[in-house]
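Residues per chain are reported as follows:
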Amino acid sequence: MTYDVCIAVNYYAPYVSGLTETARIVAEGLAARGWKVAVVATRHDPQLPLRESLNGVDVHRCPVIASIGRGLVSPSFARTVRRLSRRSRVLHLHLPMLEAGLITGPRLKIPVVSTYHIDLWLPPGAVARAATAAVSVSSAVTVRRSAAVVVNSDDQAEHSRMWPRLRNARRFAIAAPCLDRRGGSAVYRQTPGPHIGFLGRIVPDKGLPYLLSAFSGIDDPDARLLVGGDYVNVAGGSVIEEIREAARKDPRISILGLLRGQEIADFYASIDVFALPSIAESFGIAQAEAMMCGVPSVTTDLPGGRYPVVATGMGAVVPPRDPVALREALLETLGWDAAVRKDGAERARNLFGLESCLDRYAAVLKEVQA
């Protein structure tokens, strides 16, 4: 089998994160357009098959022998990427990736397109500092050897540690492709009061303790905080116990767990405002999809993470780690009328909609082959 594109990513479906969802949506979107697509990933769950076809994509998973925090040790990963790339017209890497420099170090005979999602963020510590430094070197090597580099936004790129490399790269700003989740039912709505929602991995970098603190200062007994997202299969550990403790003390908080498909649409239909209190973020697919459904987002003032709100005006931006500012912005945004939400949703769909973003990805991948 020969492929139009080989996509390399450390984690792939059924794992869920913004990075892996971007890789999956691009892979499946191109396959639906008739491209022959291979994905090489690590087998993060030993129960998953080493090889399968998912929605028209040939997925090749490489065995994992150990894990270090979020990192997975898979000796065959780089070798498998290089082997599959020799049967492909273009290699598409999703960074940050420790193995990327090894993959692109020995010169490949096909063009490489790299999507640089975010600077690696790990909780403080000596091991984290060493891992971050190693990944940064690997990413710099790969960016330099890429025929094109995709970033979620120029805002993200210009404030990245990788900017000295990205600045001179053949760079394309393409938002992570987002699905139109309109049409859900408000099945998670519990009262007539305001409903605030978070959807994402329940991990330290999402800043959820600041959202819990912000919500605790809202006195309305009918107010609700709906927290959706995976906390079981998350690399690097979860903060679910802190969420559970808050929910035990305040029954207005509901933990929904991992949502998929129609459940995500129902979640957006159930909330009045989306909260993304991250302390590390590069875009936030869930917030963009909420906006596309007419739900404004309150997010933190982080390069890239703030871009969806700044670009559309569909929400508010607050300082990271500031629950008072977060609460005030949530309360203000809850008062937006339907006309303002409708206009913002249209702007969000135009910027972040699946087909327009796929068009741009396909154009870049084709262009480097010429």
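Report on the accompanying structure. (Residues numbered from 1 in each chain as written. Predicted model: local features only at pLDDT ≥ 70, side-chain atom pairs only at ≥ 80, totals over all residues. Heavy atoms only, no water.)

A cluster of nonpolar side chains, contributed by I65, I68 and V73, occupies part of the molecular surface with about 290 Å² of accessible area. Along the chain, V73 turns up in strand β6 (residues 71-73). Look at V73 and you get partly exposed, because its relative accessible area is 30%. (Patch = residues over 30% accessible without salt bridge, like charges linked within 9 Å, V, L, I, M, F, W, Y side chains within 5 Å. Areas by Shrake-Rupley, 256 points an atom, 1.4 Å probe, with all protein chains shown as cover. Salt bridge = Lys/Arg side-chain N within 4 Å of Asp/Glu carboxyl O. Helix = DSSP H or I, 4+ residues; strand = E, 2+ residues; numbered from the N terminus. Buried < 20%, exposed > 50% of the residue type's maximum accessible area, 1.4 Å probe, protein only.)

Turning to the sheet that holds strand β8 (residues 112-116), a few remarks are in order. Two modes of strand pairing occur in sheets, parallel and antiparallel, and in both the strands are linked by backbone hydrogen bonds. An order of β3-β4-β2-β1-β7-β8-β9-β10 is seen for the eight strands of this open sheet, with the pairing classed as mixed. On the outer flanks of this sheet lie β3 (51-54) and β10 (171-173), each paired with one strand and no other. Averaged over all adjacent pairs, the angle separating strand axes in this sheet is 25°, with direction ignored. Pairing geometry for strand β7 (residues 91-95) and β8, over five bridges, is parallel. Looking across to β8, one finds that L93 is bridged to S114. Each of β1 (5-8), β2 (37-42), β3, β4 (57-62) and β7 touches helix α1 (residues 18-32); the most contacted strand, β7, lies at about 160° to it. (Pairing = 2+ DSSP bridges. Axes fitted to C-alpha atoms, helices over the stretch in contact; angles between N-to-C directions. Contact = heavy atoms within 4.5 Å.)

Now for the side chain of T80. Structurally, T80 is set in helix α2 (residues 77-85). For T80, a relative accessible area of 9% puts it in the buried group.

For the rest of this paragraph, the subject is the sheet that holds strand β15 (residues 297-300). Spatial ordering of the open sheet is given by β13-β12-β11-β14-β15-β16, a layout of six strands whose pairing is parallel. Across the chains shown, the open sheet's two edge strands, defined by having one partner strand only, are β13 (253-257) and β16 (315-318). Averaged over all pairs of adjacent strands, the angle between strand axes in this sheet comes to 20°, irrespective of strand direction. When β15 meets β16, the two strands line up parallel, connected through four bridges. Counted as the bridge partner of S297 is G315 from β16. Packing against the sheet, helix α9 (residues 262-270) makes contact with β11 (195-199), β12 (224-228), β13 and β14 (273-276), and its axis sits at approximately 145° to β11.

Along the polypeptide, S160 turns up in the loop between α5 (154-158) and α6 (163-166). Excluding anything up to four places from it in sequence, S160 contacts Y116, D119 and L166.

The subject of this paragraph is the environment of A247. With respect to the helices, strands and loops of the structure, A247 is situated in helix α8 (residues 240-249). In sequence terms A247 and L212 are 35 residues apart; their C-alpha atoms lie 9.3 Å from each other. In this view, A247 contacts I253 and I255; residues no more than four positions away in its chain are not counted.

All told, the structure shown has four aromatic pairs when counted by the stated rule. Aromatic pair Y11 and Y15: ring centres 4.5 Å apart, planes at 35°, arrangement tilted. Taking the relative accessible area as the measure of exposure, Y11 reaches 13% and is therefore buried. Through a chain of ring-to-ring contacts, three or more aromatic side chains come together here, namely F283, Y307 and F352. (Phe/Tyr/Trp six-rings, centres within 6.5 Å; stacked < 30°, edge-to-face > 60°.)

This part is about the packing of helix α10 (residues 285-292) against helix α13 (residues 338-352). With their axes 7 Å apart at the nearest point, α10 and α13 run at an angle of 130° to one another. In terms of their interaxial angle, α10 and α13 are classed as oblique. Between α10 and α13, the residues in contact are A288, M291 and M292 and A345, A348, R349 and F352, respectively. Residue composition of the contact of α10 with α13, by class: six nonpolar, no polar and one charged. (Parallel < 35°, antiparallel > 145°, perpendicular 65-115°, else oblique. Nonpolar A, V, L, I, M, F, W, Y, C, P; charged D, E, K, R; others polar.)

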